[in-house]
Amino acid sequence: MKGRAVYIKTFGCQMNEHDSERMLGILGTKGFIEVDEPKKADIVIFNTCAIRHKAEQKFFSSLGRVKHLKKKNPQLKIIVAGCSAQLQGEKLLNKLPYIDYIIGPDNLHVIENIIENQVSHRIFTDENPEVANINLPVKRKDCVKAWVNIIYGCNNYCTYCVVPYTRGKERSRCVDDIIKEISLLGEQGYKEVTLLGQNVNSYKDGNTNFPLLLEKVEKIEGIKRIRFITSHPKDLSKELVDVMKDYKKICEHIHLPLQAGSNKILKLMNRKYTYEEYFEKICWLREAIPDIAITSDIIVGFPQEQDEDFEKTINALKEIRFDGIFAFKFSPRLGTAAAKLDGHISEEVKTARLIEVLKLQDEITERKNKRLEGKIQEVLVEGKDEEGFTTGRTRTNKVVKIYSDIKAGEIVNVKIAKTHRHSLEGDIIST
Ligand code: SAM
Ligand code: SF4
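Okay, so let's go over this structure. (Residues numbered from 1 in each chain as written. Chains lettered and ligands numbered in written order. Predicted model: local features only at pLDDT ≥ 70, side-chain atom pairs only at ≥ 80, totals over all residues. Heavy atoms only, no water.)

**Overview of the environment of Glu-425**
Point 1. Along the chain, Glu-425 turns up in strand 21 (residues 424-430).
Point 2. With a relative accessible area of 10%, Glu-425 lands in the buried category.
Point 3. In the structure, Glu-425 is positioned 25 residues away from Val-400 in sequence and 5.1 Å away in space, judged by C-alpha atoms.
Point 4. Not counting residues up to four positions away in its chain, the partners in contact with Glu-425 are Val-400, Lys-401, Tyr-403, Lys-415, Ile-416, Ala-417, Lys-418 and His-420.
Point 5. Among the polar contacts listed, one links the side chain of Glu-425 to the side chain of Tyr-403, at a separation of 2.8 Å. (Helix = DSSP H or I, 4+ residues; strand = E, 2+ residues; numbered from the N terminus. Buried < 20%, exposed > 50% of the residue type's maximum accessible area, 1.4 Å probe, protein only. Contact = heavy atoms within 4.5 Å. Polar contact = N/O pair within 3.5 Å; in protein donor to acceptor, adjacent residues only side chain to side chain.)

In structure tokens, the structure reads:
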């Protein structure tokens, strides 16, 4: 039988990227190979993101571009997976009947039945209480670093966010399965793992909480670096900070989304911390791990964000001096509490605020990076960039271009010669 081909397009966060790796894993066991163009494929999968309107729009325009392929190849199956699939379900099928199947994030395993023609319906969006216990095969993009799910869903209901509706209730994966997966990665030569979840800090399996899980991962042979994403500030404990300080494989980087500097806005967002509490945790981290890089997410133009509230976000950025941020204009999402609030902010003001935030942060990031000139950084080599330069990342998650030719997977010391806003460059001093 001729090998069958799959084209997959992924939108959104690392969770989605990893879900795509898991869908490719299932298809790989059935003999599918991945292709780089939808026209070469027997199955086209869109793994969608619903977090902001813009992400959804991108998916719709990509989907529109494959519609004609069905005319040429009526056997072609179009699958829409991910968060928009979960949210829109039947509506999506009614609107765009050329879609064959809709699969929510809890139901990726049904792909196997779909390709075997063993399904009697087209929409798979039921909540799956077993999702954390299903260990799917994974076809990883990278051979140096790997994502590993530790917790699914989210119970936090930040008022702007669709994730609790798209990815369901929080469910922790069993610790033995996590350790088994990472041990295998260590044996296969992977050097770095990133533990994934919407709120890794609330991981709990029996007596194992997140800091205890990290201690177990630290002991796994072969793995040299441990990262995790994302941490919710309200659940970041002193115990976690101590573990981060004491265990050498845990990288000196944390992504800790602040969202806003104004307590009024944080309350409206249901973030469950004040700016002062957040700042105190930044102090814990910097006291324990002086070289730690801290990155964050910021939303501008949340409903009722007055100029003085926005000013507090600006002041927070100046006070904390993050290493980098992702900043977004508030995007009202159907069904969320924030979409129903009074006092929505005009697009014009949102854009102006976003520009201001990004400009300020760019200056801060540039200055912080500048301080690394002449310093030696440990870099895990990841591969080559488009220009053929060796690239890797520091423990603080900064991208480094290395002048020498080094194999992916090597850990080297690099003397930083030049710094830029989003990267560093330099050469190896010893192996
Ligand atoms: N679970 C993570 C947390 O709580 O920090 C983040 C999850 S979300 C995929 C990533 C980021 O998207 C959030 O931190 C937030 O800044 C942003 N985001 C989520 N919903 C949004 C919305 N409706 N409009 C604008 N940005 C949004
Ligand atoms: Fe969304 Fe808040 Fe959950 Fe993060 S913690 S996924 S922002 S609801």
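**Topic: a nonpolar patch on the surface**
Point 1. On the surface, Leu-87, Tyr-157 and Tyr-165 cluster together into a nonpolar patch covering about 280 Å² of accessible area.
Point 2. Mapped onto the secondary structure, Tyr-165 falls in helix 6 (residues 163-166).
Point 3. Judged by its relative accessible area of 39%, Tyr-165 is partly exposed. (Patch = residues over 30% accessible without salt bridge, like charges linked within 9 Å, V, L, I, M, F, W, Y side chains within 5 Å. Areas by Shrake-Rupley, 256 points an atom, 1.4 Å probe, with all protein chains shown as cover. Salt bridge = Lys/Arg side-chain N within 4 Å of Asp/Glu carboxyl O.)

**What about the sheet that holds strand 13 (residues 225-229)?**
Point 1. Spatially, the three strands line up as an open sheet ordered 7-10-13, and their pairing is parallel. Edge positions in the sheet fall to strand 7 (145-149) and strand 13, since each of these pairs with one other strand and no more. If you compare each strand with its neighbour and ignore which way they point, the axes differ by 25 degrees on average.
Point 2. Looking at chain direction, strand 7 and strand 10 (residues 192-196) are connected through five bridges and run parallel. Residue pairing in the sheet places Ala-146 in a bridge with Val-193 of strand 10.
Point 3. Sitting on the sheet, helix 7 (residues 175-187) is in contact with strand 7 and strand 10, with an inclination near 170 degrees to strand 7. (Pairing = 2+ DSSP bridges. Axes fitted to C-alpha atoms, helices over the stretch in contact; angles between N-to-C directions.)

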